[in-house]
Amino acid sequence: MAISRSLLFVLLVAVCAAYDNGQYDGPDEVELRLLEPAVVPDPVDGVSRWWYTPSQKAHIYRHKYPKNIEAQPRQGEDLRLPGDILPRLYTIRLLPFIEVGNWTTDGYVEIVVDCVISTVNISMNSLDLTIDLASVTVADVQTGNPIDVVNFIDEQSTRELITIQVSQPLTVGRQYRITMKFISILNALLAGFYRSSYVENGETKYLAVTQFEATDARRSFPCFDEPTMKANFTVTVGRPETWTSTSNMPLITTEPIVGMPGYVWDNYQTSVIMSSYLVAFMVSEFIGIPAEPGLSNVEFRIWARADARNLTDYSRDIGPRILEFFESFYNIDYPLPKQDMAAIPDFAAGAMENWGLITYREQYLLVDPNTATARAIQLAAVVSAHELAHQWFGNLVTMDWWNALWLNEGFASYMEYLGTDAVEPDFKMNDQFILENLQYVFGIDALETSRPINIEVNTPAEINSMFDAISYEKGSCVIRMCADFIGFETFQRGLTRYLNDNAYGNAGQDNLWAALQTQADSENVLLPATVKEIMDTWTFKMGFPLITVTRNYQTGGAIVTQNRFLLRKSNDTTDPIVYQWWVPLTYTSDYTQATKRDWLSVNEVSKTLTSLGAAANQWVIFNVDQQNYYRVAYDATNYGLIRDQLIADHQRVSDNNRAQLLDDAFTLALIESIAYSEALDLTLYLKNERDYVPWHAVLSELNYIDIMLYNLVEFPNWKNYMTSIVEPYYTAIGFQETQADPHLIKYSRIDAMNWACRLGVADCVQNALSTYATLMSQPDNLAQIVSPNEKSTILRTAIENGGQAEYDFAFNQYKTKEDTSFLVAMCASKQASVLSGLLEMLLDPTSGILRSDVNLVFNNVANNPIGNEIALDFLINRWDDIQNALGSSFFGTWYRYVCTRQNTQAGLDKLIQLRDAHPVILGNSNSVKQGLETVESNIKWVSLNQGEIGTWLAGHQPAKNSEAIRQ
């Protein structure tokens, strides 16, 4: 059914807190500028997700968004290399001067090329390089005869190309050697061969390191910078003799640089055949710490700052073991003699899969066991597994062009779960997949502004835009679905076939489908169409279906219908695509029995299943374990049967399907496809739920309802009901973390504590206050007293329920230790005067609040239900003072922050008046537009759902209220 555009924002608000329970101040200005469309973060209860983000992992893969915006190519201009000349061997020699005031690199490149089409033009990629024209030469490799260079065309600033014109056509089948000298800059763009810095023992130190994906090898040396133009690379890097260097391959020799005392050349073994974006090198004062012998047959090292050596233990342990797992899984040996992983202090990417030298942002490789949260530890493992998976998928076999990027990133995003699970089975990564990838990307792919997985791209900006949730998360989801309908072991053997068939080469998705088809045929796997026919419907069409199951309780069958699921549908859409898919149907009414399977074809809108194998009084659940990429809606009777089963014995339904049922139901209620009463009915069993995945799947939905009802008459009943289902969860998990706690128990405790303390459950509040009191008496023992997983909840609860002493202690800790978690906790105060005072401090440069933290404070005060109106009034009444003290850059973002909790016409009028009072700053702001649409959708949600939810709550009040501290 068609719904208003504004209702889209309701859903985005509702899902935006689904993944983080720690405090986060949202993306920085660079991140915001790189998002498309330009947006602001949308904080919910102090826990921010991006309002709209290309990928949940955008902060990890941020380097892959457009950065060369100052020199955008002309629309439609051909930026592809002609392909008449192909590289075979590069010899690269680079001498970086890592010195303040210099930052130059002397470079020399020699490229042996094959001529495949006769030409007088040799075009290659180059960007921001100063070419020594006198050094440019071309010669026949076999004869050694030089070929005159008659012209040099420099189009670096417009097309990122240089063209060498020679006096006579090159001959097809012959090899030529191209040489040239050049100077590049160790830039501060975190792209190409760039400079990074860190402070060690009070001294600023520098290093030079590469980041080439997707199209930045050309910033370091002239090259054929396209993924199909693979070659061997022989790298030589100069450095001060007291420093170190590393590259893709092992070091062969080191020799003095003639005429430069104190400098040496490091000569590296020639690489295997690979794409230019995978070349890597680093010059630094880092140390290389080897992994323990026996963990892997491959030499494995972590490169890091000397004073970070003790933070490498976790990565040195899991990295080699993940590598061993992938060797076994793919049944293909790791192709290189060594694997280095380097922790870069100033790195735009989260990590980059350079073959043999993976580079990481420090936080994803270095783990402090005393301060790292469970999520930080998991993220370190997941990112390592992702990058190591690329050593086969992406490096050994590379997509033939960037339109098929998902073959790299989708597979790595799928394999990261298998790789992490192999070394950390306690993490239960396969259960977490539906939360982190599938249910997340549903929110993006349900928009008409989504895109197919595979689309044509040509320019660097278009290429960089492919590094998004569709390539990563959706790609991983359709791969997981394919593995399920083919059969996991068949799928695994098919992957090995694909990798062997295309090793050291390039492939498109059709090559993968062909390998899987051959494997399926050899194992007699029956499918209703070819693998290609099935999967093309998922990769060339955007979106996904809603499968509606309408049971016939007399015949035992059902009508199953597919329709594209949209959060909203434009009335004037001109999209000619027929959105139907080959849909693998899986269903069950008994998880102890084999899963039943059927298909909806691409040509079928609906299909009658004659028998579901369930009696009229038995429930049926479709999309078993949510292995497939679609949502499911049922008739009211089946929802009732599922509700009753969950209440009677929820463990007869798998935890993934319990999470799916909750997530699907609340999303469908949000767009008015089912009644909220049906969605809320599914929460009745939660008082008995102890597993992390179902709880985490629904908490963001419940959080949105909590925000909307806060100031309404239904809120006391809502709070009573929430307490009745949350308190048993909290009691079962407990407040105190122990070393023996399983990983997901730690995750569960984060959720349970957050809600229990927020609802005022006495045990939670009192334990938080007691822990905080101990911390106040021993402020230097934070790590010993407060678990990093519980830190934000304990600090916030102490401020909410404490007094001036607790507040003053937090402020002192923030000022002396620059720990912003204390500052965020201060914003949770329930005293209006305190919150007003915090905002006033933002205008005083001597207040103790750093300029870099003013956005954090306003964000969290605006998220405080008591502080929201205070923040709005502050924005209205102190506009000139804010502008004088802080400038005008914050206004749009702050305006957006205060909108999240607003849901009345009076609030909307107030916000419109504020916008109209400042038309220059707010009139054309995308943030303001989003904010107002959010308020409008909030108002509509209240109008549509307040009565129904209120009636439901009145009929489901607990018999006896939980013991709680009443606010």
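Definitions and limits used
- Residues numbered from 1 in each chain as written.
- Predicted model: local features only at pLDDT ≥ 70, side-chain atom pairs only at ≥ 80, totals over all residues.
- Heavy atoms only, no water.
- UniProt positions renumbered as here; feature names shortened; annotations may be inferred.
- Helix = DSSP H or I, 4+ residues; strand = E, 2+ residues; numbered from the N terminus.
- Rg over C-alpha atoms; globule rule 2.2 N^0.38 Å.
- Buried < 20%, exposed > 50% of the residue type's maximum accessible area, 1.4 Å probe, protein only.
- Contact = heavy atoms within 4.5 Å.
- Lys, Arg positive; Asp, Glu negative; His and termini not counted.
- Charge placed at Lys NZ, Arg CZ, Asp CG, Glu CD.
- Disulfide = S-S within 2.5 Å.
- pLDDT = per-residue confidence, 0-100.
- Pairing = 2+ DSSP bridges.
- Axes fitted to C-alpha atoms, helices over the stretch in contact; angles between N-to-C directions.
- Salt bridge = Lys/Arg side-chain N within 4 Å of Asp/Glu carboxyl O.
- Expected span 1.5 Å × (residues − 1).
- Phe/Tyr/Trp six-rings, centres within 6.5 Å; stacked < 30°, edge-to-face > 60°.
- Lys NZ or Arg CZ within 6 Å of the ring centre and 35° of its normal.
- Polar contact = N/O pair within 3.5 Å; in protein donor to acceptor, adjacent residues only side chain to side chain.
- Parallel < 35°, antiparallel > 145°, perpendicular 65-115°, else oblique.
- Left-handed = near helix turned anticlockwise from the far one by under 90°.
- Nonpolar A, V, L, I, M, F, W, Y, C, P; charged D, E, K, R; others polar.

As annotated in an unreviewed UniProt entry, the protein carries the name Aminopeptidase and comes from Daphnia magna. In its Sequence similarities (unreviewed entry) section, the UniProt record describing the protein reads: "Belongs to the peptidase M1 family." Taken directly from UniProt, the Subcellular location (unreviewed entry) text for the protein runs: "Cell membrane".

Attention shifts here to the overall build of the protein. What the protein contains, in helices and strands, is 30 helices and 31 strands. Against the 2.2 N^0.38 benchmark of 30 Å for 967 residues, the protein shows a C-alpha radius of gyration of 29 Å, consistent with a compact globule. For the protein, the spread of C-alpha atoms along the three principal axes comes to 95 × 75 × 60 Å. Evaluated residue by residue, the protein yields a buried proportion of 63% over its 967 residues. Sequence-distant contacts in the protein: of pairs separated by 6 or more residues, those separated by 24 or more amount to 73%. Separation of charge centres in the protein, based on 69 positive and 114 negative side chains, amounts to 2 Å.

Under the definition given, this model contains one disulfide. Its sulfur unpaired, C477 is 13 Å from the next cysteine sulfur, which belongs to C482. The class for C482 is buried, based on a relative accessible area of 1%.

Let us look at the confidence of the model for the protein. Mean pLDDT over the protein works out to 89, with 91% of the residues at or above the 70 mark. Per-residue pLDDT stays below 50 along residues 962–967; that stretch engages in 19 contacts with residues further than four places along the chain or on separate chains.

This paragraph deals with the pairing of strand β3 (residues 85–96). Pairing between β3 and strand β4 (residues 104–115): 11 bridges, direction antiparallel. Note on β4: the bridge partner recorded for I92 is V109. Note that β3 and strand β13 (residues 232–240) share six bridges and pair parallel. Pairing of T91 across the sheet is with T234, part of β13.

Another aspect to go through is the sheet that holds strand β30 (residues 621–622). Pairing within the open sheet is antiparallel, and its three strands lie in the order β28-β27-β30. Two strands bound the open sheet, and with one partner strand each, they are β28 (596–600) and β30. Sheet topology places strand β27 (residues 583–588) next to β28; five bridges connect them, and they run antiparallel. Across the sheet, residue V583 finds its bridge partner in β28, namely L600.

Attention now moves to the UniProt feature "domain: ERAP1-like C-terminal" (unreviewed entry) in the protein. Per the UniProt record, "domain: ERAP1-like C-terminal" (unreviewed entry) is annotated on residues 619–936. Counting secondary structure, residues 619–936 comes out at 69% helix and 2% strand; the distance between its end C-alpha atoms is 38 Å.

Take the sheet that holds strand β18 (residues 287–290) next. Taken in spatial order, the five strands make up an open sheet running β18-β19-β20-β22-β21, and their pairing is mixed. The sheet terminates laterally at β18 and β21 (351–352), the two strands that pair on one side only. Strand direction decides the pairing type here: β21 and strand β22 (residues 357–361), joined by two bridges, are antiparallel. Note that in β22 the partner of M352 across the bridge is T359. Sitting on the sheet, helix α3 (residues 313–330) is in contact with β18, β19 (299–304) and β20 (338–344), with an inclination near 145 degrees to β19.

Let us look at the UniProt feature "domain: Aminopeptidase N-like N-terminal" (unreviewed entry) in the protein. In the UniProt entry, the feature "domain: Aminopeptidase N-like N-terminal" (unreviewed entry) is given for residues 87–278. Secondary structure over residues 87–278 splits into 0% helix and 56% strand, and the C-alpha atoms at its two ends are 15 Å apart.

This part covers the pattern of salt bridges. Scanning all chains against the criterion turns up 43 salt bridges. When the shortest N-O distance is used, the salt bridge between R177 and E110 registers 3.1 Å. With R177 in strand β10 (residues 175–185) and E110 in strand β4, this pair connects stretches of sequence that are 67 residues apart. The class of R177 is partly exposed, set by a relative accessible area of 29%. Across the pair E523 and R493 runs a salt bridge whose closest N-O atoms are separated by 2.7 Å. Residue E523 is found in the loop between α10 (509–522) and α11 (531–539), and its partner R493 is found in helix α9 (residues 488–501); the two are separated by 30 residues along the sequence. The class of E523 is partly exposed, set by a relative accessible area of 26%.

Between its first and last C-alpha, α3 extends 26 Å over 18 residues, near the 26 Å set by a 1.5 Å rise per residue. Those residues of α3 lying buried are Y314, S315, R316, I318, G319, P320, I322, L323, F326, E327, F329 and Y330. Of the residues one or two after α3, N331 is the one with positive phi, at around 60 degrees.

As a further point, take the packing of aromatic side chains. Tallying each qualifying case throughout the model produces 50 aromatic pairs. When the ring of Y634 is compared with that of Y639, the centres are 5.5 Å apart and the planes differ by 85 degrees; the resulting orientation is edge-to-face. The pair Y634 / Y639 is uniform in exposure class, with both members buried. A network of ring pairs unites the aromatic residues F325, F326, F329, Y330, Y334, W392, F393, F411, Y414, F488, F491 and Y498 as a single cluster. Over the ring of F565 we find R631; its NZ or CZ atom is 5.6 Å from the centre of that ring.

Within the element layout of this structure, T555 appears in the loop between β25 (545–552) and β26 (557–564). Within polar-contact distance, the side chain of T555 engages the backbone nitrogen of G557 at 3.2 Å.

On to the packing of helix α6 (residues 429–445) against helix α15 (residues 692–709), then. Working note: a packed helix pair is described by the angle between its axes plus the distance between those axes. Where α6 contacts α15, the two axes come as close as 8 Å, and the packing angle between them is 20 degrees. With respect to α15, the axis of α6 lies roughly parallel. Two packed elements cross with a definite hand, and for α6 against α15 that hand is right-handed. Taking contact as the criterion, the partners of D431, I434, L435 and Q439 in α6 are, on α15, Y692, V693, H696 and A697.

Looking now at the environment of N437. Within the element layout of this structure, N437 appears in helix α6. Judged by relative accessible area, N437 falls into the buried class, the value being 0%. Measuring from C-alpha to C-alpha, the distance between N437 and T105 comes to 41 Å, with 332 residues separating the pair along the chain. Within the structure, N437 has its side chain in polar contact with the side chain of Y417 (distance 3.0 Å).

Right, let's talk about the packing of helix α17 (residues 743–759) against helix α20 (residues 791–801) for a bit. Put simply, α17 and α20 touch, their axes get as near as 9 Å, and they point 5 degrees apart. Of the possible angle classes, the one that applies to α17 and α20 is roughly parallel. Here α17 contributes M753, N754, C757 and R758 to the contact with α20, which in turn contributes T793, I794, R796 and T797. Partitioning the contact of α17 with α20 into residue classes produces three nonpolar, three polar and two charged.

Turning our eyes to something else, we now look at unusual backbone geometry. Residue A214 is bonded to the preceding E213 through a cis peptide linkage, with omega at 10 degrees. Inspection of the secondary structure puts A214 in the loop between β12 (203–211) and β13. Located in the positive-phi region is Y504, a residue other than glycine, with phi close to 65 degrees. Here Y504 lies in the loop between α9 and β24 (505–507). The exposure class of Y504 is partly exposed, given its relative accessible area of 35%.

A separate point is the environment of D741. Among the secondary structure elements, D741 is positioned in the loop between α16 (715–733) and α17. Those residues in contact with D741 that sit more than four places away from it in its chain are Q736, K746 and R749. For D741, the side chain forms a polar contact with the main-chain nitrogen of T738, separated by 2.8 Å.

Its location among the elements puts N454 in the loop between α6 and α7 (460–464). Taking the relative accessible area as the measure of exposure, N454 reaches 9% and is therefore buried. Beyond its immediate sequence surroundings of up to four residues, N454 is in contact with N403, A404, W406, Q509, T539 and F540.

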